[in-house]
Amino acid sequence: AKAHFYPQLQFLAQALHSGQSPFWAPQVFGGHPQIADPQSLIFSPPLLLLALFDGNPDFRAADATIFAMLLLGALALLLMFRDRGWHPAGALVTGLSFAFGASAAWRLQHLGQILSLSWFAITLFLLSRALERRSAGYGFASGLTAGFMVLGRDQVALLGVYVLAGLVIAAWFT
């Protein structure tokens, strides 16, 4: 994974800081459309911000960005538990399982999917609050984070859209 995603991040950062377009990589196969590659990280807001602020991000910065997204997803799940009055121990187990279990344990091999999963948890929390409280602000925030989720262009984002749509449809009928 480091051999694949880290060079993508380095290319993005160096292209942005040298004034070149990150949408085309002239060094790969005599030219490669980075904008069409779902693993290019151009459409990954956390890693795009990292590349904008750091012209030469190292492994530690890349990993910290991914861990920060996992932390935000876990915190969103903790807040969902708190909103529903569920037991704090269940919230803790859920947050830890989310951040360190399942595909998150392989976070670097599936970087895009982990980001989509993190955005899904955040969107689920915000959308639940929007529906329960009939809040336009939470609705806007959930739409924004759902947009970040679908920027991932992977199967996790697609499944997340299905679950979120199901949540909205269920709310309409109840």
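Anything mentioned here points back to the structure above.
Fair warning: this is a prediction, and the values are worked out from it, not measured in the lab.

**Observations regarding the overall build of the protein**
A tally of helices and strands in the protein yields seven helices and two strands. Each helix and strand of the protein, placed in order from N terminus to C terminus, yields the pattern α-β-β-α-α-α-α-α-α. Seen through its principal axes, the protein has C-alpha atoms that stretch 55 × 30 × 25 Å. By residue count, 41% of the 174 residues in the protein fall in the buried class. The long-range fraction of contacts in the protein, counting pairs at least 24 apart against all pairs at least 6 apart in sequence, stands at 63%. Of the roughly 9600 Å² of accessible surface on the protein, a fraction of 71% belongs to carbon and sulfur atoms. Between the centroid of the 9 positive side chains of the protein and the centroid of its 7 negative side chains there is a distance of 9 Å.

**Here's the deal with the side chain of Thr-123**
Here Thr-123 lies in helix H5 (residues 111–133). One polar contact links the side chain of Thr-123 to the main-chain carbonyl oxygen of Trp-119, over a distance of 2.7 Å. At a separation of 3.3 Å, a polar atom in the side chain of Thr-123 contacts the main-chain amide nitrogen of Ala-146. Contact partners of Thr-123, with chain neighbours within four places excluded, come to Ser-142, Thr-145, Ala-146 and Leu-164.

**A word on the packing of aromatic side chains**
Counting across every chain of the model gives three aromatic pairs. Ring centres of Trp-119 and Phe-148 lie 4.9 Å apart, and the angle between their planes is 50°; on these two criteria the pair is classed as tilted. Of this pair, Trp-119 sits in helix H5 while Phe-148 sits in helix H6 (residues 136–150); the two residues are 29 residues apart in sequence, bridging distant segments of the chain. Given the relative accessible area of 11%, Trp-119 is considered buried. We classify Phe-148 as partly exposed; its relative accessible area is 26%. The ring of Trp-86 carries the charged tip of Arg-84 above its face, separated from the ring centre by 5.8 Å.

**Observations concerning the pattern of salt bridges**
Inspection of the entire model under this criterion finds three salt bridges. A salt bridge links Arg-133 to Asp-83, with the shortest nitrogen-to-oxygen separation between them at 3.8 Å. Pair noted here: Arg-133 is in helix H5 and Asp-83 is in helix H3 (residues 59–84), with a separation of 50 residues, a long-range link. When its relative accessible area of 26% is taken as the criterion, Asp-83 is described as partly exposed.

Calculation notes
Residues numbered from 1 in each chain as written. Predicted model: local features only at pLDDT ≥ 70, side-chain atom pairs only at ≥ 80, totals over all residues. Heavy atoms only, no water. Helix = DSSP H or I, 4+ residues; strand = E, 2+ residues; numbered from the N terminus. Buried < 20%, exposed > 50% of the residue type's maximum accessible area, 1.4 Å probe, protein only. Contact = heavy atoms within 4.5 Å. Areas by Shrake-Rupley, 256 points an atom, 1.4 Å probe, with all protein chains shown as cover. Lys, Arg positive; Asp, Glu negative; His and termini not counted. Charge placed at Lys NZ, Arg CZ, Asp CG, Glu CD. Polar contact = N/O pair within 3.5 Å; in protein donor to acceptor, adjacent residues only side chain to side chain. Phe/Tyr/Trp six-rings, centres within 6.5 Å; stacked < 30°, edge-to-face > 60°. Lys NZ or Arg CZ within 6 Å of the ring centre and 35° of its normal. Salt bridge = Lys/Arg side-chain N within 4 Å of Asp/Glu carboxyl O.

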